[in-house]
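Topology and contacts: notes
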Amino acid sequence: MHIHILGICGTFMGGLAALAREAGHKVTGCDAGVYPPMSDQLRALGIDLIEGFGADQLALQPDMFVIGNVVSRVRLPDGSPKFPLMEAILDAGLPYTSGPQWLAEHVLQGRHVLAVAGTHGKTSTTSMLAWILESAGQQPGFLIGGVPLNFGVSARLGAPRRPSPGSAPLGAAPLFVIEADEYDTAFFDKRSKFVHYRPRTAVLNNLEFDHADIFDNLAAIERQFHHLVRTVPPSGRVVVNGLEESLTRVLHTGCWSEVSSFGEAVSDFSAEGDPQAFDVLHQGCKAARVEWALTGVHNQLNALAAIAAAHHVGVSPEQAATALATFQNVKRRMELRGTVHGVAVYDDFAHHPTALRTTLDGLRRSLGQGARILAVFEPRSNTMKLGAMKAQLPWALEPADLAFCHTAGLDWDAAQALAPLGVGPGLRAQTAADISTLVQQVTAAARPGDHIVCMSNGGFGGIHAKLLESLQNK
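Each chain carries its own residue numbering, running from 1 in the direction its sequence is written. Local features in a predicted model are, by the rule used here, given only for residues with pLDDT of at least 70; side-chain atom pairs are given and counted only at 80 or more, and totals for whole chains, interfaces and linings are based on all residues. Only hydrogens and water are set aside; all other atoms, that is, all heavy atoms of the structure, feed into the side-chain values.

1. Looking at the packing of helix 8 (residues 297-312) against helix 9 (residues 317-324)
At a minimum axis distance of 9 Å, the contact between helix 8 and helix 9 shows a crossing angle of 135 degrees. The pairing of helix 8 with helix 9 is recorded here as oblique in orientation. Judged by the sense of rotation from one axis to the other, the crossing of helix 8 with helix 9 is right-handed. From helix 8, A303, I307 and H311 reach across to helix 9, where they touch P317, A320 and L324. All amino acids are sorted into three groups, where Ala, Val, Leu, Ile, Met, Phe, Trp, Tyr, Cys and Pro are nonpolar, Asp, Glu, Lys and Arg are charged, and the leftover types, Gly among them, are polar. Of the residues contributing to the contact of helix 8 with helix 9, the split by class is five nonpolar, one polar and no charged. Axis definition: a line fit to C-alpha positions, over the contact stretch in the case of helices; interaxial angles, taken between N-to-C directions, run 0 to 180 degrees. In this description a helix means any DSSP run of H or I spanning at least four residues, a strand means any run of E spanning at least two, and both kinds are numbered starting from the N terminus. Reported orientations rely on four angle classes, namely roughly parallel under 35 degrees, roughly antiparallel over 145, roughly perpendicular from 65 to 115, and oblique for the rest. In this scheme the crossing of two helices becomes right-handed for a clockwise turn of the near helix relative to the far one and left-handed for an anticlockwise turn of less than a right angle. Contacts are assigned to residue pairs that have any heavy atoms within 4.5 Å of one another.

Take a look at the structure:
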């Protein structure tokens with residue numbers, strides 16, 4: 001089959017393209033501003049990439065157009081379509097589908113799917129789970145919204161049959177681990193992506209309000225999570241964070257599968273000890289000990305979720321803990337980009353206020369109270385751009401000694417939102433409308449021994465390299 005992917009450079013669609021190519025399909029694709037790292041990865045796989053969404057791409061005559069959720073029916077100010085290729089596909093009556101639906105029909109069918117859902121920690125937890133299964137000899141397939149350092153790729157098909165069949169129903173079915181996003185599927189399918197995946201093991205890691213551009217309130221997201229729960233078979237298992245009231249409400253709406261809880265002291269899986277070295281308790285009894293490089297209570301909970309999910313397919317907590325000792329995390333998850341004159345610069349994907357807070361809390365716990373943390377962040381997600389969570393920013397940045405906010409593209413006053421911290425030169429928070437000014441502010445404030453954490457769900461204008469260069473010249 002020849003598929004042509006619209007929006008191919010997104011993390012999900014790029015991973016789908018890699019899976020399709022590995023499965024033997026012919027894959028081409030297009031995007032606006034074809035950009036690395038996904039463009040480099042795809043070209044290395046022999047996938048032809050086209051710049052833009054021109055209608056002339058109909059000449060490729062693929063068997064199926066796979067539409068990413070970046071594509072819409074929006075019109076430009078002059079009345080012309082922003083995505084003329086999509087308009088041409090519709091006019092010609094050509095076959096098209098969404099990425100999640102194509103994946104479900106051509107990759108996930110016949111596999112035991114382990115899906116990891118949640119507002120935070122999806123990428124890290126999915127990566128942990130894939131590594132646990134890999135270390136246990138299961139050769140899982142996976143599609144992850146990032147690049148796990150243990151694997152070096154964001155997607156692969158995995159073994160066609162499970163190397164060590166489990167005792168559960170369909171125990172011989174190959175395993176596939178997927179990051180289960182609640183964002184909508186496509187402009188023509190407004191359901192969350194994860195309802196397409198039909199998991200036998202569903203992880204509900206946490207649930208807060210997010211994606212204010214498509215959800216009106218938390219209840220609307222809870223409804224989508226319940227749609228996911230409805231797809232889990234009776235012999236399947238829902239792994240749920242017992243600390244989250246929102247997830248309790250989701251399950252109270254109805255659950256027809258086994259439930260395994262984690263997080264709370266009375267959960268099926270709980271932890272005792274520091275997040276960097278803790279005992280794993282299974283139904284109150286010590287089952288394993290995790291000693292690893294990651295920090296933060298959030299990562300401790302992510303680990304419990306992954307251990308509980310792996311347990312459903314026959315991997316013991318002890319095996320899982322052994323695997324986590326060699327887990328290297330994901331690119332852009334507290335990734336050290338360099339150290340200059342004693343100042344360390346990190347890259348982190350955090351963008352929701354809770355993620356900002358947990359990232360900084362984890363670093364503070366690791367460093368102690370003596371070291372200074374400088375938080376440099378970009379409110380880039382649609383939710384943050386809308387200002388839906390601006391009131392939470394002072395709380396989110398509280399663990400940092402200094403905070404620096406990039407304000408380009410915002411239609412709300414970041415300085416006003418950060419006022420409880422104190423805003424201005426020499427105060428706890430500063431704002432800047434451009435990257436160069438931001439770099440100057442951070443460089444002027446930094447001193448040996450500091451830890452600078454740059455947090456964004458985008459490229460952040462290459463600020464990491466610019467900071468390291470600026471610090472070198474200080």
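So, next bit.
2. Observations concerning the sheet that holds strand 2 (residues 26-31)
Pairing between the strands of a sheet is mediated by backbone hydrogen bonds and can be parallel or antiparallel. Whether two strands pair comes down to DSSP finding at least two bridges between them. The strand order 3-2-1-4-5 describes an open sheet built from five strands, whose pairing is parallel. Only two strands of the sheet have a single partner each, and these edge strands are strand 3 (48-51) and strand 5 (96-98). Each strand axis lies, on average, 25 degrees off the axis of its neighbour in the sheet, ignoring direction. In the sheet, strand 2 pairs with strand 3 via four bridges, with the strands oriented parallel. Counterpart to G29 in the pairing with strand 3 is L49. Packed on one face of the sheet, helix 1 (residues 11-22) meets strand 1 (2-6), strand 2 and strand 4 (64-67) and runs near 170 degrees to strand 1.

3. Some details on the environment of T407
Tracing the backbone through its elements, the reader meets T407 in the loop between strand 21 (402-406) and helix 13 (414-417). Setting aside chain neighbours within four positions, we find T407 in contact with A414, T431, A432 and A433.

4. Description of the side chain of T359
Among the structural elements, T359 can be located in helix 10 (residues 353-367). Two N or O atoms form a polar contact when they lie within 3.5 Å of each other; inside protein one atom must be a possible hydrogen donor and the other a possible acceptor, and for residues adjacent in sequence the pair counts only when both atoms belong to side chains. A polar atom in the side chain of T359 sits 3.4 Å from the side chain of D348.

5. Some words on the nonpolar core
Put simply, a nonpolar core is a bunch of buried Ala, Val, Leu, Ile, Met, Phe, Trp, Tyr and Cys residues held in one set by side-chain atoms that sit within 4.5 Å of each other. The classification of residues rests on relative accessible area computed with a 1.4 Å probe and restricted to protein chains. Under 20% of the type maximum is buried, over 50% is exposed, and intermediate values are partly exposed. Judged by nonpolar contacts, the single largest core of 48 residues is most densely connected at I3, I5, I8, L103, Y197, L204 and F225. Within the second largest apolar cluster, 39 residues are counted, among which are F142, V203, A306 and A310.

6. Focus on the pattern of salt bridges
What makes a salt bridge here is a side-chain nitrogen of Lys or Arg within 4 Å of a carboxyl oxygen of Asp or Glu, nothing more. The tally for this structure, following the rule as stated, stands at 18 salt bridges. Of the charged contacts, one joins E182 and K122 as a salt bridge, the two residues approaching to 3.7 Å between their closest N and O atoms. Placement of E182 in the loop between strand 9 (175-179) and strand 10 (184-186) and of K122 in helix 5 (residues 122-135) is noted, with a sequence separation of 60 residues between them. The class of K122 is buried, set by a relative accessible area of 11%.

7. Quick notes on the pairing of strand 2
Of all six residues in strand 2, five are buried, a share of seventy percent or more. Pairing analysis gives five bridges linking strand 1 to strand 2, with the strands arranged parallel. Bridge pairing in strand 2 links H4 to T28. Crossovers are described as right-handed under a simple rule: with the strands pointing away from the observer, the path leading from the first strand over the helix to the second runs clockwise. Assessed by its sense of winding, the connection that carries the chain from strand 1 through helix 1 to strand 2 is right-handed.

8. Looking at the packing of aromatic side chains
Stacked, tilted and edge-to-face pairs are distinguished by plane angle, under 30 degrees for stacked and over 60 for edge-to-face with tilted covering the rest, among Phe, Tyr and Trp rings (Trp via its six-membered ring) whose centres lie within 6.5 Å. Applying the stated criterion across every chain yields a total of seven aromatic pairs. A centroid spacing of 4.6 Å and a plane angle of 50 degrees characterise the contact between F142 and F151, whose relative ring orientation is tilted. The two residues F142 and F151 agree in class, both being buried. Ring geometry for F278 and W292: centres 6.3 Å apart, planes at 70 degrees, overall edge-to-face. Highlighted residues: F278 in strand 16 (residues 277-282) and W292 in the loop between strand 17 (285-291) and helix 8, separated in sequence by 14 residues.

9. A few points about the sheet that holds strand 21
Across the sheet, six strands lie side by side as 18-19-23-20-21-22; this open sheet has mixed pairing. Looking at strand neighbours, the two that pair on one side only are strand 18 (335-340) and strand 22 (429-432), the edges of this open sheet. Neighbour-to-neighbour, the strand axes of this sheet turn through a mean angle of 20 degrees, independent of strand direction. As paired strands, strand 18 and strand 19 (residues 343-348) are joined by five bridges and run antiparallel to one another. Bridge assignment links G338 to a residue of strand 19, and that residue is V345. Contacting strand 20 (373-377), strand 21, strand 22 and strand 23 (451-455), helix 14 (residues 435-445) crosses the sheet at an angle of about 170 degrees to strand 21.

10. Here's the deal with the packing of helix 14 against helix 15 (residues 463-472)
Axis separation between helix 14 and helix 15 bottoms out at 10 Å; the angle between their running directions is 45 degrees. One element, helix 14, and the other, helix 15, form an angle in the oblique class. The interaxial crossing formed by helix 14 with helix 15 has right-handed handedness. Seen from helix 14, the contacting residues are I435, L438, V439, V442 and T443; seen from helix 15, they are I463, K466, L467, S470 and L471. Class assignment for the residues of the contact of helix 14 with helix 15 results in seven nonpolar, two polar and one charged.

Remember, this is a structural readout, not a statement about activity or role.
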